[in-house]
Amino acid sequence: MKEEICKEKMALVEKLGVHLENREQLAPVAARILAYIILTGKKGTTFEDMVTVLCASKSTISTHLNHLQDLNKIQYFTKTGDRKKYFVIKKDTIIQHIDKMVNHWSEERIIHLEIKDYKETINNTKIGNEDEKFDLNFHDDYIKFIDGASASIKDLREKITDNQFDI
């Protein structure tokens, strides 16, 4: 059973690693480190564990750990009587990602409003034939989607910042 969970975790580390590599523009090993830390959870993982599990050299793991700390994506804590550092995801990383999403959606909303206004003006002033008029329903529905998604993600952000989740 334990071996199955380990295989499942490592498959997910790879899948999440590829996703993070693309989304965060990280080096492959850095993305796998971040994925492994995320999937290890709040107990944290040590440098030694990552060297063993991720099959990378000490210098490679060290370089990427330092880089992820510089990017404020991870942090470490120590345990009394234990000299090891335990690495965990930094809660601010999630907040930063949410803020990027909200800003991106806000920009898209503004563009869709401008396009819709333009098309509406053309429909009312330039096009007489109903069959040739722009259909504005897509823009209305997309703006509605952005508003709903933005409200939901802002609610999630508030819960994270109010410590309603123990990440």
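Now for a quick tour of the structure. Bear in mind that the values here come from a model prediction, so they are computed numbers and not experimental data. (Residues numbered from 1 in each chain as written. Predicted model: local features only at pLDDT ≥ 70, side-chain atom pairs only at ≥ 80, totals over all residues. Heavy atoms only, no water.)

1. Section: the overall build of the chain
Along the backbone of the chain there are six helices and three strands. In the chain, the succession of α and β elements from N to C terminus is α-α-β-α-α-β-β-α-α. Computed over the C-alpha atoms, the radius of gyration of the chain is 23 Å, more than 25% above the 15 Å expected from 2.2 N^0.38 for a compact globule of 167 residues. Principal axes of the C-alpha set define a box for the chain whose edges measure 80 × 35 × 30 Å. For the chain, the proportion of its 167 residues judged to be buried stands at 31%. Residue pairs at least 24 apart in sequence account for 53% of intrachain contacts in the chain once pairs closer than 6 positions are excluded. In the form shown here, the chain has an accessible surface area of approximately 11,200 Å², with 52% of it arising from carbon and sulfur atoms. For the chain, the distance from the average position of its 26 positive side-chain charges to the average position of its 28 negative side-chain charges is 9 Å. (Helix = DSSP H or I, 4+ residues; strand = E, 2+ residues; numbered from the N terminus. Rg over C-alpha atoms; globule rule 2.2 N^0.38 Å. Buried < 20%, exposed > 50% of the residue type's maximum accessible area, 1.4 Å probe, protein only. Contact = heavy atoms within 4.5 Å. Areas by Shrake-Rupley, 256 points an atom, 1.4 Å probe, with all protein chains shown as cover. Lys, Arg positive; Asp, Glu negative; His and termini not counted. Charge placed at Lys NZ, Arg CZ, Asp CG, Glu CD.)

2. Thoughts on the sheet that holds strand E1 (residues 45-46)
The three strands are arranged E1-E3-E2 in an open sheet whose pairing can be described as antiparallel. Edge strands, defined here as strands with exactly one partner in the open sheet, are E1 and strand E2 (74-79). Strands E1, E2 and strand E3 (82-89) of the sheet are contacted by helix H2 (residues 28-40), whose axis makes an angle of about 95° with E3. Sitting on the sheet, helix H4 (residues 58-70) touches E2 and E3, and the angle it makes with E2 is about 110°. (Pairing = 2+ DSSP bridges. Axes fitted to C-alpha atoms, helices over the stretch in contact; angles between N-to-C directions.)

3. Side note on the nonpolar core
Within the largest apolar cluster, 20 residues are counted, with the highest numbers of intra-cluster contacts made by Ile-33, Met-50, Ile-61 and Leu-65. Sorting the residues of this core by element identifies helix H1 (2-24), H2, helix H3 (47-54), H4 and E3 as the ones contributing at least two each. Broken down by element, this core gets its largest block of residues, seven residues, from H2. Core analysis: the second largest hydrophobic core is formed by eight residues, Ile-95, Val-102, Ala-149 and Ile-153 among them. (Core = buried A, V, L, I, M, F, W, Y, C linked by side-chain atoms within 4.5 Å.)

4. Here we look at the environment of Lys-43
Looking at the element boundaries, Lys-43 is found in the loop between H2 and E1. As a C-alpha pair, Lys-43 and Phe-87 span 44 residues in sequence and 8.4 Å in three-dimensional space. Among all residues touching Lys-43, those that are not within four sequence positions of it are Phe-77, Lys-79 and Tyr-86.

5. Focus: the packing of H2 against H4
Between H2 and H4, the least distance of the axes is 9 Å, while the angle of their chain directions is 75°. In terms of orientation, H2 and H4 fall into the roughly perpendicular class. In this structure, H2 contributes Val-29, Ala-30, Ile-33, Leu-34 and Ile-37 to the contact, and H4 contributes Thr-60, Ile-61, His-64, Leu-65 and Leu-68. (Parallel < 35°, antiparallel > 145°, perpendicular 65-115°, else oblique.)

6. Details of H3
Along H3, the positions that sit buried rather than exposed are Met-50, Val-51 and Leu-54. Considered in projection along H3, the buried side chains sweep an arc of 100° and stay on one side of the axis. (Arc of directions from axis to C-beta.)

7. Thoughts on the packing of aromatic side chains
This model, assessed by the stated rule, comprises four aromatic pairs. Summarising the aromatic geometry, the rings of Tyr-142 and Phe-145 are spaced 6.0 Å apart at their centres and angled 40° between planes, so their arrangement reads as tilted. With Tyr-142 and Phe-145 both in helix H6 (residues 137-161), this residue pair falls three residues apart, about one helical turn. Here a set of aromatic residues connected by ring pairs shows up, and it is made of Phe-138, Tyr-142 and Phe-145. Its end group placed over the ring of Tyr-86, Lys-79 keeps NZ or CZ at 4.0 Å from the ring centre. Above the plane of the ring of Tyr-76 lies Lys-85, whose end atom (NZ or CZ) is 4.5 Å from the centre. (Phe/Tyr/Trp six-rings, centres within 6.5 Å; stacked < 30°, edge-to-face > 60°. Lys NZ or Arg CZ within 6 Å of the ring centre and 35° of its normal.)

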